[in-house]
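# Descriptive analysis of the structure
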Amino acid sequence: MMKLLVHALGAWFVVEAASGRYPRPVAVGLTMLVSRLGAPATALAMAGYGLMRLKEAGAFERVQPQTRRRRTSGNAR
């Protein structure tokens, strides 16, 4: 279970680095470190990057969480 957590965390860092959150030298360093984790981290990173690109393209716009409206005691309809 701990290995899966380490691989998932490493993959998350790689996806965030690929999105431009970190400066280029830091992103390259993170990618090199995570690549040492092996195939599971690489597979999770590729899946995460794919999902990020789909989200940017608007593939998940129709799937939004329902927001609750808070009722106030004076303006209840």
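Predicted model, so just to flag it, every value in this text is computed and none were measured.

Once that is clear, we can look at the confidence of the model for the protein chain. Chain-level pLDDT for the protein chain is 81 on average; 82% of the residues reach the 70-or-more range. Ranking the helices and strands of the protein chain by mean pLDDT puts helix α3 (residues 39–57) first, with 87, and helix α2 (residues 24–35) last, with 84.

This structure, assessed with the given rule, holds 2 salt bridges. Two residues, Glu56 and Arg53, come together in a salt bridge whose shortest N-O distance is 4.0 Å. You can see Glu56 and its partner Arg53 sitting in helix α3, 3 residues apart, about one turn around the helix. Of the residues examined, Glu56 reaches a relative accessible area of 54% and is grouped as exposed.

Okay, a nonpolar patch on the surface next. On the surface, a cluster of nonpolar side chains totalling about 370 Å² of accessible area is made up of Met2, Leu5, Val6 and Leu37. Structurally, Val6 is set in helix α1 (residues 2–18).

This part takes up the environment of Tyr22. Mapped onto the secondary structure, Tyr22 falls in the loop between α1 and α2. Tyr22 sits in the partly exposed class, given a relative accessible area of 25%. When residues no more than four places from it in sequence are discounted, the contact partners of Tyr22 are Phe13, Glu16, Ala17, Ala27 and Leu30.

Because the α-helix completes a turn every 3.6 residues, residues three or four places apart line up on one side. A rise of 1.5 Å per residue sets the reference length of α1, with its 17 residues, at 24 Å; its end C-alpha atoms lie 24 Å apart and thus fit the reference within 8%. If you check which residues of α1 are buried, you get His7, Gly10, Ala11, Val14, Val15, Glu16 and Ala17. At the C-terminal side of α1, Gly20 shows a positive phi close to 95°.

Structurally, Glu16 can be placed in helix α1. Setting aside chain neighbours within four positions, we find Glu16 in contact with Arg21 and Tyr22.

About the thresholds
- Residues numbered from 1 in each chain as written.
- Predicted model: local features only at pLDDT ≥ 70, side-chain atom pairs only at ≥ 80, totals over all residues.
- Heavy atoms only, no water.
- pLDDT = per-residue confidence, 0-100.
- Helix = DSSP H or I, 4+ residues; strand = E, 2+ residues; numbered from the N terminus.
- Salt bridge = Lys/Arg side-chain N within 4 Å of Asp/Glu carboxyl O.
- Buried < 20%, exposed > 50% of the residue type's maximum accessible area, 1.4 Å probe, protein only.
- Patch = residues over 30% accessible without salt bridge, like charges linked within 9 Å, V, L, I, M, F, W, Y side chains within 5 Å.
- Areas by Shrake-Rupley, 256 points an atom, 1.4 Å probe, with all protein chains shown as cover.
- Contact = heavy atoms within 4.5 Å.
- Expected span 1.5 Å × (residues − 1).

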